[in-house]
Amino acid sequence: MAIPVMKESWQSKVLEVVLGATPEKGGTRGKTITIGGESTLPYLLSEGDIPNRPQVAMEVWDIAPDNWEEQLMEPFADVIEDPAAWAQKCVEEFGADLVQLKLMSGDPEGEDAGPEDVEETVKKVLKAVDVPIIITGPGNEEKDNLLLPAAAEASRGENCLLGLAIEENYRTLAAACMANGHNIIATSPIDINLCKQVNILLSEMDVPKNRIVIDPTTGALGYGIEYTYSIMERIRLGALQADKMIAMPFLNFVGEEAWRTKEARESAQEGGDIRLGISWEILTAVNFIHAGSDLLVLRHPDSVKQIKEHIDVLMGS
Amino acid sequence: MGLTGLQIFKLLPKTNCGECGPPTCLAFAMELAQQKTSLDKCPYVSEEAKAELGEASAPPIRLITVGKGEKEFQVGDETELFRHDKTFFNETAIGFELEDNLEEKAIRDKAKTIDGLSFERIGLELSVNLVAVCNTSQDAETFAKAVSLVMEETDLPLMLVTEDPTCAAAALEKCASSRPLLYAANNENYEEMTKIADENSCPLVVRGENLEQTAEITDKIAKLGYRELMIDPGSGGAGEYLEDLTQIRRLALRKKFRPLGYPTVVFTGSEDTYQEVIEAAVYTCKYGNVVIMKEPDDWKTFPLLILRQNIYTDPQKPIQVEAGVYEIGEVDENSPVYVTTNFSLTYFSVMGEIEASRVPGYLLIVDTEGTSVLTAWAAGKFDGDKVAEELVQSGLEDRVNHKKVIIPGQVAVLRAKIEDNCDWEVLIGPGEATGIPSFIRKNWQA
Ligand code: B12
Ligand code: SF4
């Protein structure tokens, strides 16, 4: 039976953002990674292109995490005190496409490390791996503004991805990214207008649109995931309908949210069945992939493996 | 596409008797087109007209009921492509395969395992919906026997997976009264399968080799007069299913394309247990109405059921609980007092941990329109003034002999405002509810 065809053709597409710089471009990365560029809703490949597959990053902390459950720590036990070795293990052994270096040592309520310590860590990690890197601060506005410019300078020319820029605190970070040739994570609390607002503020500081990645705020499975899912769908529809101010690729911090949940934590405690926690992380990630995520940060190596396999299936490779 | 007023008018008696309300048949037809009235108001309309009009006004995706009794479920009748446009209505039904050629004990065990996949979270019960008994043996007697065994172990609705009408009939003899879902009619067997389904009044899944053939078969079956159908478009792999399920939803909703206006059924293809739950998650988000997996592991089913619950939550109304004072355990005048918001998830997280602490406590729930602690705080719905006011009005000071209130660690900043506005002393609790048991053991003396 002949059936009517209902193919969408969109006026526009998601912007492409390039992460990392090879020696020709003034960096030392072995390869660059491009995210974004979709001209169709997630994986409707007969209606448009998905030129770049979603990328999977893993978290690397600059101090040993004090709140990861036993079984979650296990795969990293031998490298937990050494961010360079940790990053290396993620890339070489666990297949991470890139790493997110979290400068948790800077937390004023913890070690309260200063800019010099951070500079050194950034350099060490850049030397240990040749993939592009994401760098984020401890999440305290004052400390972020002190540490991130130092990190930006220490990684000058490497075309990293730095964050988080929020409506109340973006100037210092935006300036540091511009001065040192980096991309920036624009974070907003699950709201399409606030998302646009941060992007406008960054644009007003002359940050090019193809250097911005949207962090829509990630809710975990069972803890607000549906809000993130729907806001991502709405933002992506806007992008395809040519709203340039929300046409940037998405980043989701999946691991940190999923492993914060009571269910995942309990599963990773002694005697628990960590496969539950891994499923929790995986399903959180899958949900966002199908809302348009371009870059996902995960924690558990098994999640990385499974999610990459799913992406292979979707991309037909 | 509904019919226009004029199209409807042509089907009416044209006597202008006025018994339907409006003075003329034409006026009535116009109101019908705008869905302002209903056809049964006209006592004179012919049976043929009723059938034609009824079909035109049926929902774009048919609502199908599977099973009978407490565990029956309904799928279909969806109206949206995106949940943010309104909501998704009838949750994806989740089931597991069970092969009929296993040993009796293995059949019983697996049926029991599937039956036991039920979890409680935030006051709601999450369960799987059906057992898909597969006629792997291709033998009628074995199939019927397996169905009986499964029915002894579970009262979940059944799906009978066989393309052999003889086997289907044999199994239906055991279970027809519980309205199982029959899978599947194909291009060869559809006449016989339809007859069997019709005779036993059970819903039938149509499985074509692709979208076109699937539509062709449902159309032929509809012409035979049977419409209790679901469809499996027979796609090759997860990527293709995603595209086909999207096409089906779009065609049904936007074009009211009848041959595909039925709920969908998908079997996951992967043998790897993580990959199979990933596939199931994709279909749960994107237009799968019945999803069947292979391995009934609790560690992957529980998160899948939560994903389903999240996706099918009405975006306009977060699940909330009533504001007020809740007593958790055998409270007395020395019991601690906690405060939090009325978002259901928040309430149940906190309530569960107070229970787990084994120290009975009072929990004061502030109405924050169903938002979480930080969301409410950021939106100005959970501030120091409000908490203080609620504390004073709650009457708690007459029920306990202390004036200490424990607030969520994430809103420690509220302390000063609360203490300024009432004479309760504020204790700052842990950031996550899971910290409550150890917090209370360390810090509580009335
Ligand atoms: C989902 C979500 C939403 C949903 C609403 C969901 C809901 N029903 O509440 C939507 C999209 C609508 C939303 C909107 C907004 N949000 Co919001 N949202 C979230 C998100 C992703 C998850 C929240 C959640 O559901 N948590 C789960 C519940 C269970 O957590 P909880 O209530 O805090 O409870 C836990 C603890 O606090 C503790 N606890 C709770 N009670 C008690 C009591 C005691 C005594 C103790 C000891 C412990 C305790 O136990 C619980 C479990 O551990 C968070 C970010 C995140 N990843 O967490 C942002 C977040 C909370 N939102 C935020 C903001 C700013 C907003 C908006 C104001 C944005 C805007 N301007 O539009 C709006 C406000 C909407 C409004 N006007 O009502 C910010 C708050 C920032 C801040 N620190 O102030 C956050 C943190 C995001 C961010 N990083 O910017 N949001
Ligand atoms: S009751 Fe029927 S016949 Fe009479 S006016 Fe109304 S539509 Fe016409």
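Scroll up to find the structure this text is about.
The structure displayed is predicted, hence computed values, not measured ones.

Caption draft 1: Representation of the overall build of chain A within the structure. Across its full length, chain A holds 11 helices and 10 strands. Over its C-alpha atoms chain A spans a radius of gyration of 19 Å, differing by no more than 12% from the 20 Å that the globule rule assigns to 317 residues. Taking the principal axes of the C-alpha coordinates as reference, chain A spans close to 65 × 50 × 35 Å. The buried share of chain A, reckoned over its 317 residues, is 64%. For chain A, contacts bridging at least 24 residues in sequence account for 69% of all contacts bridging at least 6. With 27 positive and 52 negative side-chain charges, chain A shows a separation of 6 Å between the mean positions of the two kinds.

Caption draft 2: Representation of the packing of helix α9 (residues 238–254) of chain B against helix α10 (residues 273–285) of chain B within the structure. Residue and element names in this part refer to chain B. At a minimum axis distance of 10 Å, the contact between α9 and α10 shows a crossing angle of 10 degrees. Between α9 and α10, the angle falls in the class roughly parallel. Seen from α9, the contacting residues are Ala 238, Tyr 241, Leu 242 and Leu 245; seen from α10, they are Glu 279, Val 282 and Tyr 283. Split by residue class, the contact of α9 with α10 holds 6 nonpolar, no polar and 1 charged.

Caption draft 3: How the structure looks around the site of ligand 1. Taken together, the neighbourhood of ligand 1 is formed by 41 residues, with Thr340(B), Thr346(B), Ser372(B), Lys381(B) and Glu432(B) sitting nearest. Residues within reach of ligand 1 are spread across chains A and B. Thr346(B) places a side-chain nitrogen or oxygen 2.7 Å from an oxygen atom of ligand 1. Taking Thr375(B), its side chain carries an N or O atom lying 3.4 Å from a nitrogen atom of ligand 1. Of all elements in the fold, only β14 (337–341), α12 (344–357), α13 (373–378) and β16 (404–407) of chain B reach the threshold of two or more residues within the shell around ligand 1. A total of 5 residues in the shell around ligand 1 trace back to one element, the largest contributor, which is α13(B). Tallied by class, residues from the shell around ligand 1 come to 22 nonpolar, 14 polar and 5 charged.

Caption draft 4: Representation of the pattern of salt bridges in the model. As enumerated under the stated definition, the model contains 40 salt bridges over all chains in all. The closest approach of N and O atoms between Arg250(B) and Glu47(A), which form a salt bridge, is 2.6 Å. Here the residue Arg250(B) occupies a position in helix α9, and Glu47(A) occupies one in the loop between β2 (33–36) and β3 (55–61), the pair thus bridging two chains. What makes Arg250(B) buried here is its relative accessible area of 2%. Residue classification places Glu47(A) among the buried positions, given a relative accessible area of 11%. Salt bridges here are not isolated pairs; linked through shared partners, they connect Glu104(B), Arg108(B), Lys145(B), Glu152(B) and Glu153(B).

Caption draft 5: Highlighting the interface of chain A and chain B. Taken together, the contacts link 44 residues of chain A with 45 residues of chain B. Buried area between chain A and chain B, summed over both chains or domains, comes out near 4300 Å², and the portion from carbon and sulfur atoms is 64%. Sorting the residues of chain A by area buried against chain B places Met1(A), Met6(A) and Leu283(A) first, and these three jointly supply 18% of that buried surface. The interface formed by chain A and chain B holds 6 salt bridges in total. Between Lys262(A) and Glu353(B) there is a salt bridge, with the nearest N and O atoms lying 2.4 Å from each other.

Caption draft 6: Main features of a nonpolar patch on the surface. All names here are of chain B. Judged by side-chain polarity, Leu 6, Leu 26 and Met 30 come together as a nonpolar surface patch covering roughly 260 Å² of accessible area. Here Leu 6 is to be found in helix α1 (residues 5–11). Taking relative accessible area as the criterion, Leu 6 reaches 53% and is therefore assigned exposed.

Caption draft 7: Representation of the pairing of strand β5 (residues 124–127) of chain B. Residue and element names in this part refer to chain B. Examined bridge by bridge, strand β4 (residues 118–121) and β5 share 4 bridges and lie antiparallel to one another. Each bridged residue has a counterpart across the sheet, and for Phe 119 the counterpart in β5 is Leu 126. Hairpin connection of β4 to β5: 2 residues between the antiparallel strands, including Ile 122 at a positive phi of 35 degrees.

Caption draft 8: Quick peek at the sheet that holds strand β15 (residues 361–366) of chain B. Residues and elements named next belong to chain B. Strand order in the open sheet made by the 5 strands is β13-β15-β14-β16-β17, with mixed pairing throughout. Both edges of this open sheet fall to β13 (324–328) and β17 (425–428), since each of them pairs with a single strand only. For this sheet, the mean inter-axis angle between neighbouring strands, taken without regard to orientation, is 30 degrees. With 4 bridges connecting them, β16 and β17 associate as parallel partners. From the neighbouring strand, Lys 404 faces β17, where its bridge partner is Glu 425.

Caption draft 9: Structural detail: the pairing of strand β7 (residues 158–161) of chain B. All names here are of chain B. Of the two faces of β7, the one lined by Leu 158 and Leu 160 and the one lined by Met 159 and Val 161 are each fully buried. Both strand β6 (residues 130–134) and β7 contribute to a ladder of 4 bridges, which runs parallel. Looking at β7, one finds that Cys 134 is bridged to Val 161. With helix α5 (residues 140–153) bridging β6 and the parallel β7, this β-α-β connection has right-handed handedness. Where β7 and strand β8 (residues 181–185) come together, 3 bridges link them in parallel fashion. Its bridge partner being in β8, Leu 160 is matched across the sheet by Leu 182.

Caption draft 10: Fine view of the sheet that holds strand β10 (residues 229–232) of chain B. Residue and element names in this part refer to chain B. Ordered by their spatial adjacency, 8 strands build an open sheet running β10-β9-β8-β7-β6-β3-β12-β11, and the pairing between neighbours is parallel. Each edge of the sheet is formed by a strand with only one pairing partner; in this case those strands are β10 and β11 (265–267). Strand-to-strand, the axes of this sheet are offset by a mean angle of 25 degrees, without reference to chain direction. Packed on one face of the sheet, helix α7 (residues 190–199) meets β8 and β9 (204–207) and runs near 165 degrees to β8.

Caption draft 11: Region of interest: unusual backbone geometry. Cis peptide bonds are those with omega within 30 degrees of zero, and the linkage from Gly163(A) to Leu164(A) qualifies with 10 degrees. With respect to the helices and strands, the residue Leu164(A) is situated in strand β6 (residues 161–165). At the junction of Tyr183(B) and Ala184(B), the peptide bond is cis and its omega measures out at 10 degrees in the coordinates. Along the chain, Ala184(B) falls in strand β8. Of note, Asp206(A) is a non-glycine position whose phi angle comes to about 70 degrees, a positive value. Take Asp206(A): it is sitting in the loop between α6 (192–204) and β8 (212–215). One non-glycine residue, Asp77(B), adopts positive backbone phi at about 55 degrees. Looking at the secondary structure, you find Asp77(B) in the loop between β2 (73–75) and β3 (93–99).

Criteria and cut-off values
- Residues numbered from 1 in each chain as written.
- Chains lettered and ligands numbered in written order.
- Predicted model: local features only at pLDDT ≥ 70, side-chain atom pairs only at ≥ 80, totals over all residues.
- Heavy atoms only, no water.
- Helix = DSSP H or I, 4+ residues; strand = E, 2+ residues; numbered from the N terminus.
- Rg over C-alpha atoms; globule rule 2.2 N^0.38 Å.
- Buried < 20%, exposed > 50% of the residue type's maximum accessible area, 1.4 Å probe, protein only.
- Contact = heavy atoms within 4.5 Å.
- Lys, Arg positive; Asp, Glu negative; His and termini not counted.
- Charge placed at Lys NZ, Arg CZ, Asp CG, Glu CD.
- Axes fitted to C-alpha atoms, helices over the stretch in contact; angles between N-to-C directions.
- Parallel < 35°, antiparallel > 145°, perpendicular 65-115°, else oblique.
- Nonpolar A, V, L, I, M, F, W, Y, C, P; charged D, E, K, R; others polar.
- Near = heavy atom within 4 Å.
- Polar contact = N/O pair within 3.5 Å; in protein donor to acceptor, adjacent residues only side chain to side chain.
- Salt bridge = Lys/Arg side-chain N within 4 Å of Asp/Glu carboxyl O.
- Buried area = accessible area lost by both parts, 1.4 Å probe.
- Patch = residues over 30% accessible without salt bridge, like charges linked within 9 Å, V, L, I, M, F, W, Y side chains within 5 Å.
- Areas by Shrake-Rupley, 256 points an atom, 1.4 Å probe, with all protein chains shown as cover.
- Pairing = 2+ DSSP bridges.
- Right-handed = clockwise from strand over helix to strand, strands pointing away.

Functional significance is not addressed by these values, which are geometric in nature.
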